[in-house]
Amino acid sequence: MPKLFHYDNIDSTNQECLRLLAAGHPAPFAVVADRQFMGRGRHGRQWQSDSGNLFYSIALPVEKPLRECGQISFITALCVRQSILASANSPIAMEFKWPNDLLCGGKKVGGILIEHAAQKGNRQLLIAGIGVNLMLSPLQTAFPASSIYQESGQSIDRNELADQIGQRILNALDDWQKSGFAAYRQEWLKSAWRLGQKITISDQKAADGTALCGIFLDLTPDGALLLQDDEGQTRTILSGMVA
Ligand code: BTN
């Protein structure tokens, strides 16, 4: 289990990990807060962070070249889903939206923000920030949002979930460094939202200037999204917002 720092209210658990690393705390360690007043999401968005949901970040020492580190976001998403299931009383159906959103009932209930804190050769310090809507669903989101409670009627114990996530991520990190990404990729694909169906990458443009649309074909071995666009070309998407 990673050492866990707990705060009632903090700007951002990711930011606190950065501060603790700068102050010399050795990774791995984790930070959890009851609420955040400057919670951040992907693409520079704000993450609404009122009491009742999970705000958790874990600082990880990773023995991998930087180009492979995006894989940790899929591994984190898998660990978060396993941890929710292990903390729940009965099964809850959840899917993954590329690259690392967690959906329940087709709505977003969890997000992951990976930040790179430092590099020394092939050794990275990464922060995996995890937000799970346990009770509350944020308003006015880009993609429809909900909470685990609203979708399943189950109240997940936040402390138990934080412990589960910490343990599972450390185990998976060890396994990934030894055995690679292939098994995680397979597992993720089994629950990939809209695999084989039409999607839109809202922040990438097609040749005519409109949002890029096409069929979600597959993941590359590294976790990029393969899209067959409306002109029939296969494109490799490295980042973007899928809807
Ligand atoms: C997303 O945009 O989907 C990613 C959201 C990540 C939110 C979590 S909450 C805990 C951690 N601290 C932050 O400021 N952000 C992440």
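Residues numbered from 1 in each chain as written. Predicted model: local features only at pLDDT ≥ 70, side-chain atom pairs only at ≥ 80, totals over all residues. Heavy atoms only, no water.

### A few points about the site of the ligand
For clarity, the cut-off: Proximity is defined per residue: if any heavy atom of the residue lies within 4 Å of a molecule or strand, that residue is considered near it. For the purposes of these results, a polar contact is taken to be a pair of N or O atoms within 3.5 Å, where, inside protein, one atom must be able to donate a hydrogen and its partner to accept one; residues adjacent in sequence count only when each atom of the pair is a side-chain atom. Only DSSP runs of H or I reaching four residues or more are called helices, and only runs of E reaching two or more are called strands; each is numbered from the N terminus. Only Asp, Glu, Lys and Arg are considered charged, only Ala, Val, Leu, Ile, Met, Phe, Trp, Tyr, Cys and Pro nonpolar, and every remaining residue, Gly among them, polar.
Ser 12, Gln 36, Arg 40, Arg 42 and Lys 108 are the nearest of the 20 residues found near the ligand. Taking Arg 40, its main chain carries an N or O atom lying 2.7 Å from a nitrogen atom of the ligand. Arg 42 is positioned such that a nitrogen or oxygen atom in its backbone is 2.7 Å from an oxygen atom of the ligand. Of all elements in the fold, only α1 (13-22), β3 (54-63), β6 (107-120) and β7 (123-132) reach the threshold of two or more residues within the shell around the ligand. Here the shell around the ligand gets 4 residues from one element, more than from any other, and that element is β6. When its residues are assigned to classes, the shell around the ligand shows 6 nonpolar, 10 polar and 4 charged.

### Things to note about the packing of helix α2 (residues 71-87) against helix α5 (residues 182-190)
Here is the rule we go by: All axes are obtained by fitting lines to C-alpha atoms, using only the stretch in contact for helices, and the reported angles, taken between N-to-C directions, cover 0 to 180 degrees. Should an angle fall under 35 degrees it is taken as roughly parallel, and over 145 as roughly antiparallel, whereas 65 to 115 is taken as roughly perpendicular and any remaining angle as oblique. Take the far helix as your reference; a near helix turned counterclockwise from it by less than a right angle gives a left-handed crossing, and one turned clockwise gives a right-handed crossing. What makes two residues a contact is simply this: any of their non-hydrogen atoms within 4.5 Å.
Two numbers describe how α2 lies on α5: the axes approach to 10 Å, and their chain directions differ by 60°. When the interaxial angle is binned, α2 and α5 end up oblique. Our pair here, α2 against α5, has a crossing hand that is left-handed. Between α2 and α5, the contacting residues are Phe 74, Ile 75, Leu 78 and Arg 81 on the first element and Tyr 184, Glu 187 and Trp 188 on the second. Tallied by class, the residues present in the contact of α2 with α5 amount to 5 nonpolar, no polar and 2 charged.

### Brief notes about the nonpolar core
Where we set the bar: Here the nonpolar core consists of buried residues drawn from Ala, Val, Leu, Ile, Met, Phe, Trp, Tyr and Cys, with membership extended through side-chain atoms lying within 4.5 Å. A 1.4 Å probe rolled over the protein chains alone gives each residue an accessible area, and that area as a share of the maximum for its type sets the label: buried under 20%, exposed over 50%, partly exposed in between.
In this structure, Leu 54, Ile 84 and Trp 188 are the most contacted members of the largest nonpolar core, which totals 58 residues. When residues no more than four places from it in sequence are discounted, the contact partners of Trp 188 are Phe 74, Leu 78, Phe 96, Lys 97, Trp 98, Pro 99, Phe 216 and Leu 219.

### A short note on the side chain of Glu 16
If you trace the backbone, Glu 16 turns up in helix α1. A polar contact of 2.8 Å, which involves the side chain of Glu 16, links it to the side chain of Arg 19. When sequence neighbours within four positions are dropped, the list of residues in contact with Glu 16 reads Tyr 7, Ile 10 and Val 31.

### Points about the packing of aromatic side chains
Stated formally: Think of it this way: a Phe, Tyr or Trp ring, Trp meaning its six-membered ring, pairs with another when their centres are within 6.5 Å, and the plane angle makes it stacked under 30 degrees, edge-to-face over 60, tilted otherwise.
The full count for this structure, using the stated rule, is 5 aromatic pairs. Between the aromatic rings of Phe 96 and Trp 188, the centroid separation amounts to 6.0 Å while the plane-to-plane angle is 15°, which identifies the pairing as stacked. Residue Phe 96 is found in strand β4 (residues 95-97), and its partner Trp 188 is found in helix α5; the two are separated by 92 residues along the sequence. What makes Phe 96 buried here is its relative accessible area of 0%. Centre to centre, the rings of Phe 143 and Trp 193 are 5.4 Å apart; their planes meet at 90°, and the pair counts as edge-to-face. Taken together, the residues span a long stretch of sequence, with Phe 143 in the loop between β7 and α3 (148-152) and Trp 193 in the loop between α5 and β8 (198-205) at a distance of 50 residues. With relative accessibility at 14%, the residue Phe 143 sits in the buried group.

### Things to note about the pairing of strand β1 (residues 3-10)
Inclusion rule: When DSSP finds at least two bridges between two strands, those strands are taken to pair. By definition, the crossover connecting two strands over a helix is right-handed if that path, from the first strand to the second, turns clockwise as seen with the strands pointing away from the viewer.
Inspection of the sheet shows β1 paired to strand β2 (residues 29-36) by 7 bridges, in the parallel sense. When the bridges of β2 are listed, Asn 9 appears paired with Arg 35. This β-α-β element, β1 to α1 to β2, shows right-handed connectivity.

### What about the sheet that holds β4?
Pairing between sheet strands relies on hydrogen bonds along the backbone, with the strands arranged either parallel or antiparallel. With respect to topology, 7 strands assemble into an open sheet ordered β1-β2-β3-β7-β6-β5-β4, the strand pairing being mixed. With one partner strand each, in any of the chains shown, β1 and β4 form the two edges of the open sheet. Between one strand axis and the next, the sheet turns by 20° as a mean value, whatever way the strands run. By the bridge criterion, 5 bridges tie β2 to β3 in an arrangement that is antiparallel. Within the sheet, the bridge partner assigned to Ala 30 lies in β3 and is Ile 58. Helix-sheet contacts for helix α4 (residues 158-179) involve β1, β2, β3 and β7, and the interaxial angle to β3 is about 20°.

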